[in-house]
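Coordinates in review
Listed below are the residues making up each chain.
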Amino acid sequence: MDINQVVGTLVCTYRIPGLEHCSLRILKDRKGKLQVATDPVGTRPGNWVFTASGSAGRYAMGDASILTDLTIGGIIDHWEPETLARTAPATSRATSQAPAPDSGAAQAA
Amino acid sequence: MKICQVIKPLVSTNRIPGFEHKHLQVVLDGSAQLVAVDAVGAKPGDWVICVGSSAAREAAGSKEYPSDLTIVGIIDDWDPTVPT
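In what follows, the accompanying structure is described. (Residues numbered from 1 in each chain as written. Chains lettered and ligands numbered in written order. Predicted model: local features only at pLDDT ≥ 70, side-chain atom pairs only at ≥ 80, totals over all residues. Heavy atoms only, no water.)

1. Quick word on the interface of chain B and chain A
Cut-off, in case you're wondering: Any two residues whose heavy atoms approach within 4.5 Å at even a single point are treated as in contact. Two parts placed together each lose some accessible area under a 1.4 Å probe, and adding up what both lose gives the buried area. The working definition used for a salt bridge is a side-chain nitrogen of Lys or Arg within 4 Å of a carboxyl oxygen of Asp or Glu. Within 3.5 Å is the distance limit for a polar contact, defined as a pair of N or O atoms, with the added protein rule that one can donate a hydrogen and the other accept it, and that residues adjacent in sequence qualify only through two side-chain atoms. Secondary structure elements follow DSSP: runs of H or I of four or more residues count as helices, runs of E of two or more count as strands, with numbering from the N terminus.
Every contact between the two is made by 36 residues of chain B and, on the other side, 29 residues of chain A. Interface area, chain B with chain A, both sides summed: about 2,700 Å², of which 57% is carbon and sulfur. Taken as a group, B:Ile16, B:Gln33 and B:Asp68 account for 22% of the area that chain B buries against chain A, more than any other trio of residues on that side. Taken together, chain B and chain A are joined by zero salt bridges. Between the two partners, chain B and chain A, sit 10 residue pairs in polar contact (both at pLDDT 80 or more). Where the side of chain B that touches chain A is concerned, the elements lending two or more residues are strand E1 (2-9), strand E2 (14-15), strand E3 (23-29) and strand E4 (32-38) of chain B.

2. Points about helix H1 (residues 53-60) of chain B
Here is the rule: Per-residue accessibility, obtained with a 1.4 Å probe over protein chains only, is compared with the maximum for each type, and a residue is labelled buried under 20%, exposed over 50%, and partly exposed between these values. To obtain the arc, one takes the directions from the helix axis to the C-beta atoms.
Those residues of H1(B) that sit buried are B:Ala56, B:Arg57 and B:Ala60. Along the long axis of H1(B), the arc covered by the buried residues comes to 100°, so they all point the same way.

3. A closer look at the packing of aromatic side chains
The geometry of two aromatic rings is summed up by the distance between their centres and the angle between their planes. Residues and elements named next belong to chain B. As a reminder of what qualifies: Ring geometry is summarised as follows: Phe, Tyr and Trp rings, the Trp one being its six-membered ring, pair when their centres sit within 6.5 Å, and such pairs are stacked at plane angles under 30 degrees, edge-to-face over 60 and tilted between the two.
Per the counting criterion, the structure on display carries two aromatic pairs over all chains. Aromatic side chains Phe19 and Tyr65 sit 5.9 Å apart centroid to centroid with 80° between the ring planes, which places their arrangement in the edge-to-face category. Pair noted here: Phe19 is in the loop between E2 and E3 and Tyr65 is in the loop between H1 and strand E6 (69-74), with a separation of 46 residues, a long-range link. In this pair, the class of Phe19 matches that of Tyr65, namely buried.

None of this, on its own, says anything about what the molecule does.
Structure representation (structure tokens):
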């Protein structure tokens, strides 16, 4: 399941009966690509949400007859974008970080 | 199936009832941060195997479980730098 941010609501009155009355949200993913997802939770623009895609999205709507391939699963309580949490290096060997060269000295040399 | 590293649990109180009470974990697949249902009880820092598509639903509970990525195993020993 992916993590996206709700950008806004999509109004689409002329739609197939398979989408029934679901509210549609516009989501922005990590790379900034916009997608449309059905919203059984009721989100507001700016919320960070996780989504279920594919056939799991149809089951996430609670009724598998809704023809969606992306559904909002829930609102994340706390999320900072693009912060790679430092995992405890318990099992994985910490890769040695290359020391950042001192930019001033490098140019001077 | 993918090899991912568990980063931290994902807390989402306002979520659809379909997820029941299963734990959700933020996992790292290369550089992409994904969310997976935790069926085995992994802890942050573990290297795990994640399964997708319809198998993810079955692994997470029932055929109607709305998951498209589920952690199905914890790798005993994995060195990400060494290409096996």
